[in-house]
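The lines below spell out each chain.
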Amino acid sequence: VDFVLWQVLLVALAVLALASVVLMIVLKWNVVQWLGWVLAAVSAVFMLHTLTYGLNYYAGPIAEDIRLEVVDYNVEELAEAAIYYRDQANALSTQVNRDSSGNVDFADFETLANQAGDGFTSLTYDFSYPIFAGCKLPVKQLGWADWYTSQGITGVTVGLTGEAAVNTDVPSVLMPYAICKEMVHRMSILIPKDASFGAYMACMANPDPQFQYSGALMGYRYCLEALEELGRDTVVRAGENANVRKDLDTCNAFLKQGEEGDADTCDLLTSWHIQEVVLPSQQETEQKFDPYDPSQVDLTGLVNAPAAG
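No experiment lies behind these values; they were computed from the predicted model shown.

Chemist: Talk me through the pattern of salt bridges; I want residue IDs and the actual numbers.
Modeler: All chains considered together, the criterion is met by seven salt bridges. With its nearest N and O atoms 3.0 Å apart, the salt bridge here joins Asp 87 to Arg 86. Assessed through its relative accessible area of 37%, Asp 87 is described here as partly exposed. Overall, Arg 86 belongs to the buried group, its relative accessible area being 11%.

Okay, structure coming up:
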């Protein structure tokens, strides 16, 4: 169905609960017995949720599934990672459409929701990460958006109905990332930092620059928050272009009360930068050892040694 089923069921349950209170008063039911039935019903739903979905909070870390070694890092390595994601965002910020006010002009929600699965398909088959081989159906629009907006919530996924829903009031620049994050949750990746990092990966694997920019901006935001806590963000922020600064302010205004500022996500982003960017670059610059190279080996006195130069 196109609508969010669990929200309809929630309203129905609220009506039933109110009706049962009225009946309890009119028919003079035993209050303790009534509370017992209510508690039993709530407990049954919670147990079903735990068995079908909630146990994934205790699953192994996503790092094991994507072959990422989470390492201890220092402030300098964190700053380098932040600069890497900042530069990603700077470059991508010029590849997306903008209106006359400089705000991003992304596609509508339905279009983005239909495109989001492309990133997960790439992660599954191009990068061999089977953890992302779950449902790629479009997410739904979350009802009662005003309330979720007031809490800085970008989306909600409910395992009992298998529905991933996104708050359509989120800023446009944040929408592709929010869609991917709820899809990650629907794939039973529930640990917050893992879901956030998975959303970043899905955005960057998507061929659409709208997704890439949204993911890069959020990746930069996570690292920047960690640097701000250490008072080391000034130099990094100086390298932001005007587009990134504007879009970052827009995201911060919406997420000021939300859960997006999960500092643990920075650990995964920094470790990924070290493993996938820093270490490979160091290996490329290492000089290949040649036992016949006079600049690497002292060949003095060896018979048939090649002449210098």
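Chemist: How would you summarise unusual backbone geometry if you had to cite specific residues and measurements?
Modeler: Trans is the common state for peptide bonds, and a negative phi is the common state for residues other than glycine. Even without glycine at this site, Lys 28 takes up a positive phi of about 55°. By the secondary structure assignment, Lys 28 is in the loop between α1 (5–27) and α2 (31–52). The class of Lys 28 is exposed, set by a relative accessible area of 73%. Although it is not a glycine, Trp 144 sits at a positive phi angle of roughly 55°. With respect to the helices and strands, the residue Trp 144 is situated in the loop between β1 (140–141) and α7 (145–150). With relative accessibility at 45%, the residue Trp 144 sits in the partly exposed group.

Chemist: Please provide a residue-by-residue account of the pairing of strand β2 (residues 155–158), values included.
Modeler: Inspection of the sheet shows β2 paired to strand β3 (residues 163–166) by four bridges, in the antiparallel sense. The residue of β3 that forms the bridge with Thr 157 is Ala 164. Here β2 hands over to β3 after four residues, with Gly 162 in that stretch at a positive phi of 65°.

Chemist: How would you summarise the sheet that holds β3 if you had to cite specific residues and measurements?
Modeler: Two modes of strand pairing occur in sheets, parallel and antiparallel, and in both the strands are linked by backbone hydrogen bonds. One open sheet holds the three strands; their spatial order is β1-β3-β2, and the pairing between them is mixed. Only two strands of the sheet have a single neighbouring strand rather than two, namely β1 and β2.

Chemist: Talk me through the nonpolar core; I want residue IDs and the actual numbers.
Modeler: Ranked by size, the top nonpolar core spans 66 residues in total, and within it Phe 132, Ile 179, Phe 197 and Tyr 213 carry the most contacts. In terms of residue count, the dominant contributor to this core is helix α10 (residues 209–229) (11 residues). Every residue in contact with Tyr 213, bar those within four places of it in the chain, is listed here: Ala 89, Leu 92, Ser 93, Val 96, Arg 98, Val 104, Phe 106, Val 173, Asn 243, Val 244 and Asp 247. If you look at the next biggest cluster of nonpolar residues, it comprises six residues, including Val 4, Leu 142, Val 158 and Ala 165.

Chemist: Describe the packing of α10 against helix α12 (residues 242–254), naming the residues involved and giving the relevant values.
Modeler: Closest axis-to-axis distance for the α10/α12 pair is 11 Å, and the angle between their directions is 75°. For the element pair α10 / α12, the angle class is roughly perpendicular. In contact with Tyr 213, Leu 217, Tyr 220, Arg 221 and Leu 224 of α10, α12 contributes Asn 243, Val 244, Asp 247, Leu 248, Cys 251 and Asn 252. Residues of the contact of α10 with α12, tallied by class, amount to seven nonpolar, two polar and two charged.

Chemist: Kindly report on α2, identifying the contributing residues and their values.
Modeler: Taking 1.5 Å as the rise per residue, α2 with 22 residues should run 32 Å; its terminal C-alpha atoms sit 32 Å apart, in good agreement. The backbone nitrogen of Val 32 has a side-chain oxygen 2.9 Å away, supplied by the residue at the start of α2, namely Asn 30.

Chemist: Hey, could you go over the pairing of β3 for me, with residue numbers and the actual values?
Modeler: Alternating residues of β3 divide into Glu 163 and Ala 165 and Ala 164 and Val 166, and every residue in both groups is buried. Examined bridge by bridge, β1 and β3 share two bridges and lie parallel to one another. Across the sheet, the residue bridging to Gln 141 is Val 166, located in β3.

Chemist: Summarise the side chain of Asp 233; cite the residues concerned and give the values.
Modeler: Structurally, the position occupied by Asp 233 is in the loop between α10 and α11 (234–237). Of the side chains with opposite charge, Arg 237 lies nearest to the buried Asp 233, which makes no salt bridge, at 5.3 Å. Ignoring any residue separated from it by four or fewer positions in sequence, one finds Asp 233 in contact with Leu 224, Leu 227 and Glu 228.

Basis of the calculations
Residues numbered from 1 in each chain as written. Predicted model: local features only at pLDDT ≥ 70, side-chain atom pairs only at ≥ 80, totals over all residues. Heavy atoms only, no water. Salt bridge = Lys/Arg side-chain N within 4 Å of Asp/Glu carboxyl O. Buried < 20%, exposed > 50% of the residue type's maximum accessible area, 1.4 Å probe, protein only. Helix = DSSP H or I, 4+ residues; strand = E, 2+ residues; numbered from the N terminus. Pairing = 2+ DSSP bridges. Core = buried A, V, L, I, M, F, W, Y, C linked by side-chain atoms within 4.5 Å. Contact = heavy atoms within 4.5 Å. Axes fitted to C-alpha atoms, helices over the stretch in contact; angles between N-to-C directions. Parallel < 35°, antiparallel > 145°, perpendicular 65-115°, else oblique. Nonpolar A, V, L, I, M, F, W, Y, C, P; charged D, E, K, R; others polar. Expected span 1.5 Å × (residues − 1). Polar contact = N/O pair within 3.5 Å; in protein donor to acceptor, adjacent residues only side chain to side chain. Lys, Arg positive; Asp, Glu negative; His and termini not counted.

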